[in-house]
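Fold and geometry: a report
Residue-level listing of the chains:
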Amino acid sequence: MGLSLTNLKCDYLINPIGIDGCTPSFGWQLLSDAKNVLQTAYQVIVKKGIEVVWNTGKQKSEQSAFLRYEGKALVSRTGYVWEVTVWDNQGNTASASGEFETAILSVEEWEAKWIEPVQTPAFHEPSQSTMESETSAVEEIKMQPPQMVRKEFTLSRPIQSARVYATAHGVYYMELNGSRVGDIQLAPGNTAYDKYLEYQVYDVTNQLRVGNNAVGMVIGDGWYVGKVGICGQSCQYGDTLAALFQIEVTYEDGTREMVVSDGQCTSSTGHILYADIFVGEAQDFTKKKEGFSRAGFSEEGWKPVTIKDYSYQNLYAPYGEPVRICETLKPVKIWKSPQGDVILDVGQVLCGRVRMRARGEKGTKIVLEHTETIDKEGNYQYNIIGKFVLQQDTCILNGDGEEVFEPEFTFHGFRYIRISGYPGKPTIEDFDILVLHSDMKQTGTFQCSDERLNQLQHNIFWSQKSNMLSIPTDCPQREKAGWTGDVQIFAPTACFNMDMIAFFKRWLRNVEKEQKEDGQIPNIVPYLLAYNPNGVMPSNTHCSSGWGDVAVILPWKMYEAYGDRSVLSEYYPMMKKWVEYIRYTAETEVPKEKEGKLTEEEMEIQKYLWNTNFHFGDWLTPSVSFDFETGDVDMMQSAFRTMDIVPTTFYAYSTELIAKIARELGKKEDAEYYQELNRKVRYAFRKEYVNEHGLIKTELQGVYVLALQMNLIPQNRRENAVNKLVSMIQENGNKLDTGFLSVPFLLDVLCNAGKSDVAYDLLFQDGCPSWLYEVKMGATTMWEAWQAVLPDGTNTSVSYNHYAFGCVGDWMYRTIGGLNQLLPGYKKILIAPQLDERLTSASISYDSSYGLIVARWKRDGKKMIVDVTIPANTTARIKLPGGDTIETGSGSYVYEYKMG
Ligand code: BGC
């Protein structure tokens, strides 16, 4: 077949419309039947119509991903075609082309006005709310309805193409001439609205017509006005809903016309009585404003809108994949509980919402309550705490045949739904379960001979899907917040499972904007008011070690996974500022109890210890935070127990990474500076915490893991420290006792010290706490805490959908599957499975920046079969377990041999 090109991406997407970038990046993948294929040269030509705006010429280079545009300045709102030609080392050539379209590249081009319907401002929930569930009845919560706006307009000539640019203060959907625009949900998404607000770009060519047209928009509270976070604080960015839209029509004769939001729009409330991301949504079908987005609709009772001078400076083009309904599931069961409730089981803990069909009399009220748990008897049980986390949707029927209810502006974390008031007997046929997340492509698959491990990967993947709704979150129910620590921990696993690069970059843009002047990276991004110092957390600063370090760790992990250097360069200033914050804090602050008591020599050491202020520490360390008998949880205890020592381990980690990053970016002086800082931090750590035997006073597995991983134990005492770690594990009945920050390194630290048997013991453990305990207890996602379900089947009030402890997924891909990179982005691949008696086969695949990598192995006694696929334009080293090491190029290979 020769050579062909596939997966042409511009700014990480296929044929995107509405990109901001003045320097978009281009990538393509080579497909070939031949073996050992490498690209030897490429040529990229970018055209605007027939004008060539960039021609790279034939470049001798293997680069086939993340090539930066360096042509003429791109013009706003314009379509471009790009063509790529590739030459390979087998004498073949191939060409392909893609398209992209720029968005609104300068603020002056906004002709639309911010408009605000006449509305009662939202109720300001007090800023010092508690997180206790105080409200049980939805009726007691003060909420305002979503707002609708509409406008009619006439188009005079045949239309060649049309685009909509739209956004809102709140979340919105739009309709044109009676049909919905696009399939994006909850636009513009969860974002730091005041600093980084994306507009959406839609191709509406087929929705407009010559003559009379109408546009309608419905705006709900979303993250702008709604009651968010664990204490349900409202009005993060404002207390009124507003809209902005610009429709640009290009006629067949080449002329253009604009239709924009302005004073001619009118507004009204409609059938959505309220919609809140945490509380839930209520719709009254008797109040439907049928046809509001069609020309000729009667505007009786509609009100004028006011024009506002809100900023355009914070507006950005869409970046990465939007939120969509990515899957539709059928429930598996419906029953009447012993307490008389009708309960629906979806069969899977997830994030999304329901679509329900019902027929009933006018005024019939149906209530749907979402939960992740039922009790042992099969009764409804609500596991989520939080002030307004009701997760309750309501619909009132109009009584005209089959009616379909689907919330617009909310989503829930759930597996079960209690249904009240349904007319007649509901069946599973009456429900569709809509799974919501940002629409990234799945890139990884994992299978092995132990079904429990396959279920574990399934659970990890579902927690990932549930927590990637426009930003990476901790959980999809209680907080739905962009906790920086959680994603730092989980990122490598996330990058195996899905194509995360654009999604993470979009969130990092938010992180950058939320960074404080002094370099602090808030614990949560977008940063919610209630989590500010002295808010709901016992914190005197905005940040915590291991959380704020996301600024350095995440870009590095993305670079490793994808090989895109821009991730490092774009966020380098942010990383530097963060590391400088740590350095300054460490140098200038002394723990209270040590003030005035240190010798000069001790003061010198002190300067490199990050040991003041509040930190979450090795969060949720099992033995410190949980009572396994009663299920009692005291989360803060792991913070108090470990926050004196853990921050310095992350000071070491971040300085080590930023030194590497500086080197990657060719910043030699910086690299040396951070290297030296790292050396001093490690020296100080040893002096302060490590005794002459290599032992540490804080006797916790997690602290040892971090100290070993960050290279904080002198070489000649490492073995002692490893032995200590192993003995702690064994004394704990071969069970882990690591918290959030250390668990990602636990199994690696053991394997690197030659203790892969102990690592596998931990993996195969199924007593509590362990990964397979959760599987054994029927988990379908990852739990926040290991003992979420106690051994006797009692459910506790924690989240059943937190991905952090799912970070073991990455280890399973790398160790069981054996897939690692020797060069960033898998330009050079290492396949080196580490076997264990308890497994007889494994099979993984990963769709890398260069194409599909497959690694499979199967063992039958001493007979081994290894089977790999290496994509074109990469090379690989294959370490056959118990056999040879092979260097190879692309192609599919099967190795059959007897293990030595
Ligand atoms: C969240 C986390 C988060 C933590 C901070 C919790 O409430 O759900 O996952 O990282 O607080 O320690």
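Let's talk about the overall build of the protein
Tallying secondary structure elements over the protein gives 17 helices and 45 strands in all. In terms of overall dimensions, the protein has a C-alpha envelope of 85 × 70 × 65 Å along the principal axes. A burial count over the protein gives 62% of its 900 residues as buried. Summarising the internal contacts of the protein: among those between residues at least 6 apart in sequence, 73% fall at separations of at least 24. Carbon and sulfur atoms make up 47% of the accessible area of the protein, which totals about 32,400 Å². Side chains of the protein give 89 positive and 115 negative charges; the mean places of these two sets differ by 4 Å.

Details of helix H2 (residues 451–466)
Over its 16 residues, H2 extends 22 Å from the first C-alpha to the last, a length consistent with the 22 Å expected when each residue adds 1.5 Å. Judged by how many residues are buried, H2 sits mostly within the fold: 12 of 16 residues are covered. Capping the start of H2, Asp 450 holds a side-chain oxygen 2.8 Å from the backbone nitrogen of Arg 452, two or three residues further along.

Thoughts on unusual backbone geometry
In this structure, Pro 526 follows Val 525 across a cis peptide bond, with omega equal to -5 degrees. Summarising the element assignment, Pro 526 is placed in the loop between helix H4 (501–514) and helix H5 (550–562). Cis geometry marks the peptide bond from Cys 768 to Pro 769; its omega dihedral reads 0 degrees. Mapped onto the secondary structure, Pro 769 falls in the loop between helix H15 (756–764) and helix H16 (771–776). Even without being glycine, Asp 11 reaches a positive phi, approximately 45 degrees. Positive phi is not limited to glycine here, since Asn 177 has a value of about 50 degrees. Tracing the backbone through its elements, the reader meets Asn 177 in the loop between strand E13 (171–176) and strand E14 (179–180). Taking relative accessible area as the criterion, Asn 177 reaches 8% and is therefore assigned buried.

Some details on the pattern of salt bridges
A complete count under the given rule lists 53 salt bridges for this structure. With its nearest N and O atoms 2.9 Å apart, the salt bridge here joins Glu 109 to Arg 77. With Glu 109 in the loop between strand E9 (93–102) and strand E10 (114–117) and Arg 77 in the loop between strand E7 (67–68) and strand E8 (79–88), the pair connects residues that are 32 residues apart, well separated along the chain. Across this residue pair, the class does not change: Glu 109 and Arg 77 are buried.

Considerations on a negative patch on the surface
Taken together, the side chains of Asp 627, Glu 629, Asp 632 and Asp 634 make up a negatively charged region of the molecular surface. With respect to the helices and strands, the residue Asp 632 is situated in the loop between helix H8 (622–625) and helix H9 (636–642).

Description of the nonpolar core
Note on soluble globular proteins: their nonpolar side chains tend to be buried together. Among the nonpolar cores identified, the biggest contains 248 residues, and Phe 504, Trp 771 and Ile 816 are the most heavily contacted of them. Per-element tally for this core: the top contributor is helix H6 (residues 566–588), with 11 residues. Those residues within four positions of Phe 504 in sequence are excluded, and the remaining contacts are Met 468, Pro 472, Val 487, Ala 491, Ala 494, Cys 495, Leu 554 and Met 558. In this structure, Leu 5, Ile 19, Leu 74 and Val 84 belong to the second largest nonpolar core, which totals 25 residues.

Re the sheet that holds strand E3 (residues 25–32)
The three strands lie next to each other as E1-E3-E7, forming an open sheet whose pairing is antiparallel. Edge positions in the sheet fall to strand E1 (3–10) and E7, since each of these pairs with one other strand and no more. Of the pairings in the sheet, the one linking E3 to E7 comprises two bridges and is antiparallel in character. Across the sheet, Ser 25 pairs through a bridge with Arg 68, a residue of E7.

With respect to the side chain of Asp 549
Positionally, Asp 549 belongs in the loop between H4 and H5. In this structure Asp 549 is buried but unpaired, with Lys 557 as the nearest side chain of opposite charge at 13 Å. Those residues in contact with Asp 549 that sit more than four places away from it in its chain are Trp 578, Ile 582, Trp 610, Phe 650 and Ser 654.

A word on the side chain of His 542
Summarising the element assignment, His 542 is placed in the loop between H4 and H5. Of the polar contacts made by the side chain of His 542, one reaches the side chain of Tyr 527; its length is 2.8 Å. Residues within four places of His 542 in sequence aside, it is in contact with Lys 516, Gln 520, Ile 521, Pro 522, Asn 523, Tyr 527, Asn 532 and Pro 533.

Observations concerning the sheet that holds strand E39 (residues 828–831)
Taken in spatial order, the four strands line up as E38-E39-E43-E44 in an open sheet, and their pairing is mixed. Unpaired on one side and paired on the other, strand E38 (819–821) and strand E44 (885–888) mark the two borders of the sheet. On average, each strand axis in the sheet is inclined to that of its neighbour by 20 degrees, with strand direction left out of account. Here E39 pairs with strand E43 (residues 875–879) via four bridges, running parallel.

Concerning the site of the ligand
Close to the ligand lie Asp 474, Arg 478, Glu 479, Trp 483, Asp 486, Trp 547, Phe 616, Trp 619, Phe 740, Glu 784 and His 802. A distance of 2.5 Å is found between an oxygen atom of the ligand and a side-chain nitrogen or oxygen belonging to Asp 486. With respect to the ligand, the side chain of Trp 619 contributes an N or O atom lying 3.4 Å from an oxygen atom. About the coverage of the ligand: the protein hides 97% of its 310 Å² of free accessible area.

What to know about helix H17 (residues 808–816)
Judged by how many residues are buried, H17 sits mostly within the fold: nine of nine residues are covered. Among the residues of H17, Val 808, Gly 809, Asp 810, Trp 811, Met 812, Tyr 813, Arg 814, Thr 815 and Ile 816 are the ones counted as buried. Just downstream of H17, Gly 818 is the residue with a positive phi angle, here 85 degrees.

Points about the packing of aromatic side chains
Counted according to the given criterion, the structure contains 53 aromatic pairs. Judged by centre distance (6.5 Å) and plane angle (65 degrees), the ring pair of Phe 26 and Tyr 69 falls under edge-to-face. Of the two residues, Phe 26 sits in strand E3 while Tyr 69 sits in the loop between E7 and E8, which places them 43 residues apart along the sequence. Note on Phe 26: relative accessible area 1%, which makes it buried. Its relative accessible area of 3% is what places Tyr 69 among the buried residues. Every member of this aromatic cluster is reached through a ring pair, and the members are Trp 483, Tyr 531, Trp 547, Phe 614, Phe 616, Trp 619, Phe 640, Phe 740, Trp 771, Trp 786 and Phe 805. The side chain of Arg 418 reaches across the aromatic face of Tyr 380, ending 3.9 Å from its centre. We note Lys 480 situated over the ring of Phe 278; from NZ or CZ to the ring centre the distance is 5.2 Å.

Reading guide: rules and limits
Residues numbered from 1 in each chain as written. Predicted model: local features only at pLDDT ≥ 70, side-chain atom pairs only at ≥ 80, totals over all residues. Heavy atoms only, no water. Helix = DSSP H or I, 4+ residues; strand = E, 2+ residues; numbered from the N terminus. Buried < 20%, exposed > 50% of the residue type's maximum accessible area, 1.4 Å probe, protein only. Contact = heavy atoms within 4.5 Å. Areas by Shrake-Rupley, 256 points an atom, 1.4 Å probe, with all protein chains shown as cover. Lys, Arg positive; Asp, Glu negative; His and termini not counted. Charge placed at Lys NZ, Arg CZ, Asp CG, Glu CD. Expected span 1.5 Å × (residues − 1). Polar contact = N/O pair within 3.5 Å; in protein donor to acceptor, adjacent residues only side chain to side chain. Salt bridge = Lys/Arg side-chain N within 4 Å of Asp/Glu carboxyl O. Patch = residues over 30% accessible without salt bridge, like charges linked within 9 Å, V, L, I, M, F, W, Y side chains within 5 Å. Core = buried A, V, L, I, M, F, W, Y, C linked by side-chain atoms within 4.5 Å. Pairing = 2+ DSSP bridges. Axes fitted to C-alpha atoms, helices over the stretch in contact; angles between N-to-C directions. Near = heavy atom within 4 Å. Phe/Tyr/Trp six-rings, centres within 6.5 Å; stacked < 30°, edge-to-face > 60°. Lys NZ or Arg CZ within 6 Å of the ring centre and 35° of its normal.

Keep in mind that these numbers describe shape and distance, not what the molecule does.
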